[in-house]
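Here are the chains, one letter per residue:
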Amino acid sequence: MNQNSGFDSHEIKAGELEPAVHAGRSTDESREESGSQSVVPLLECRRLTMRYAGNRDALSDIYLKIYGGRIIGLLGPNGSGKTTFIKLVCGLLRPTSGEVLINGHEPGVKSKLAVSYLPDRIYLNDWMRVHQLVSFFEDFYDNFDAEKAYSMISRLGINAGDKLKNMSKGTKEKVQLILTMSRNASLYLLDEPIGGVDPAARDFILSTILTNYNPGATVILSTHIISDVERILDDVIFLSNGKIMLAGAADDIRAKNGCSIDDLFREVFKC
Amino acid sequence: MLTKLLKYEFLSTGRIFLPLYLTLVGVSAILKLFITIERSIDLMIVPQVLFTLLYVVLIVAVFALVYILACMRFYRNLLGDEGYLMHTLPVKPYEHVLAKLITSIVWMLASIAVAILSVIVLAYQKGFFRDMFNMLGQLLEAIGVYWSKPSFTFTVVSCLVLAVVTTVTGFMMFYASMAVGQLLRGHRIVGSILAYFGFYTISQIISLIMVLVLSRTEIWEALEAGNLSLINMGAWNPFSAFFAIAACLNLVLCVSYFVITNYMLRRKLNLE
């Protein structure tokens, strides 16, 4: 698989017919190649590197351009840098070097309004009731659609008067997903959205993602359970040891390698 | 956004403070009842002792909880798992710090008010307020005899300012310690405690320097002699000067802690 690992720039663009991966040497070059100077990418990473104190690089030298309207799988084994990448994009971490730009701006108040983030853990306090959480999101995010949230809540049979404290972990995860997907954001970052739930709930979650994100927006979802999500992915990014190993349109990758993304993943990351 | 943060800050802390305040006032009322009845029934001494103990515990709790909750809210809400939500809200980091700080200050003031209220409940008897106002009047009269009023007022005000600034600095020192302590990955509480001792040492060194500098001035002589009549020297007498200098130093510390906390949340945040 190493024929692809020499790439240091990757571009994922809406409605593009040619292969979405660009083997440019730098972002500037690849921008010239694709002739898209006028369009600011939704998400752009330049030489993005993250090193935690005393450790090896969690991410090194990531070049990436992502445009609107895609569902992108961020795939890689545990510890490959998926969560670090997502935390950098939503501003929970500052890069050691390089930069990450959302709509051309560094993570800040503006980008946080544009990005809807679902972390890989329960981030809601347990004393609030569901309807209080809905008002919380409504208060802070102008683009939060409370009506949409309530319709999903009732469809799932969750009682809006219930306290988080009395819910199972799976229900809490569903509440979080509902809150995240009820925002009309331009970039959804979902970290392991199907990690801890049963297969039936997985289908629900995937259909929630598919039916609720606004069409101009891009969804990046990280996972190592590929078989369930493969069918909804437009593009995939393979992360390995903090580096992009492979990135491009899912169909192209399947055609080129003659196997499913899931099989490819198993082959590439064989233990 | 700050007002929205404050709203949820008060929602979260109010559900603990309000019941506690009600309990404190209730217990002082019951205690007052027992004290009143005790005169007629001997056995009443047992519940009276129990409720006195409970009252003391509650008074301590009302103030201790201001600090405990200040730390817990900051640590859990901004540095724990809830931080994943708080730090992805479209809010500037300093607004988070301000929201926490303002909430703590308000609860401190509320705790003082409720503690005073509970004492009034305990001490109340017929003509209580009349007696109190009489006493206050006499006090003011006495002040008029010994000290010139403007300089005394100024001294008291500078003392109050010092008290307020010191309290605020105390909260900020906790926040800054936790914001620095989270850098120690995997041992964040130990890190916070170490950072606290670090800040404490620095503030002690600064006050030592202040004392050493002041000891060469007339202010120190007057303070050592405890000669309160020196307040008559005017608005800037040795006492008000001392309070003002101490308040300024505390203010500098407070602002430094704020800047450190804000920098850590903005640039060095590392949630687990």
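So, here's what we can say about the structure. (Residues numbered from 1 in each chain as written. Chains lettered and ligands numbered in written order. Predicted model: local features only at pLDDT ≥ 70, side-chain atom pairs only at ≥ 80, totals over all residues. Heavy atoms only, no water.)

Residue and element names in this part refer to chain B. Taken N-terminus to C-terminus, the directions of helix 4 (residues 93-123) and helix 6 (residues 149-181) make an angle of 135 degrees; their axes are 10 Å apart at the nearest point. Relative to helix 6, helix 4 is oriented oblique. With respect to the hand of their crossing, helix 4 and helix 6 are arranged in right-handed fashion. Residues Val97, Lys100, Leu101, Ser104, Ile105 and Met108 of helix 4 touch helix 6, and the partners they reach there are Thr167, Val168, Phe171, Met172 and Tyr175. Tallied by class, the residues present in the contact of helix 4 with helix 6 amount to eight nonpolar, two polar and one charged. (Axes fitted to C-alpha atoms, helices over the stretch in contact; angles between N-to-C directions. Helix = DSSP H or I, 4+ residues; strand = E, 2+ residues; numbered from the N terminus. Parallel < 35°, antiparallel > 145°, perpendicular 65-115°, else oblique. Left-handed = near helix turned anticlockwise from the far one by under 90°. Contact = heavy atoms within 4.5 Å. Nonpolar A, V, L, I, M, F, W, Y, C, P; charged D, E, K, R; others polar.)

All names here are of chain A. Taken in spatial order, the six strands make up an open sheet running 6-7-8-4-9-10, and their pairing is mixed. Edge positions in the open sheet fall to strand 6 (115-118) and strand 10 (243-249), since each of these has one partner strand only. Neighbour-to-neighbour, the strand axes of this sheet turn through a mean angle of 15 degrees, independent of strand direction. Where strand 4 (residues 71-75) meets strand 9 (residues 235-240), four bridges bridge the pair, whose relative direction is parallel. Its bridge partner lying in strand 9, Leu74 is registered against Ile237. Of the strands in this sheet, strand 6 and strand 7 (187-191) touch helix 6 (residues 169-181), which is tilted by about 175 degrees from strand 6. Lying over the sheet, helix 9 (residues 250-257) contacts strand 9 and strand 10, oriented at roughly 100 degrees with respect to strand 10. (Pairing = 2+ DSSP bridges.)

Quick look at the interface of chain A and chain B now. Between chain A and chain B, the contact holds 26 residues from the first and 28 residues from the second. Regarding the contact of chain A and chain B, the summed buried area is about 2,600 Å², with carbon and sulfur atoms giving 62% of it. Here chain A and chain B share two salt bridges between them. For Lys7(B), the salt bridge is made with Asp139(A), and the minimal N-O distance between the two is 2.7 Å. Remark: the boundary between chain A and chain B carries 12 residue pairs in polar contact (both at pLDDT 80 or more). (Buried area = accessible area lost by both parts, 1.4 Å probe. Salt bridge = Lys/Arg side-chain N within 4 Å of Asp/Glu carboxyl O. Polar contact = N/O pair within 3.5 Å; in protein donor to acceptor, adjacent residues only side chain to side chain.)

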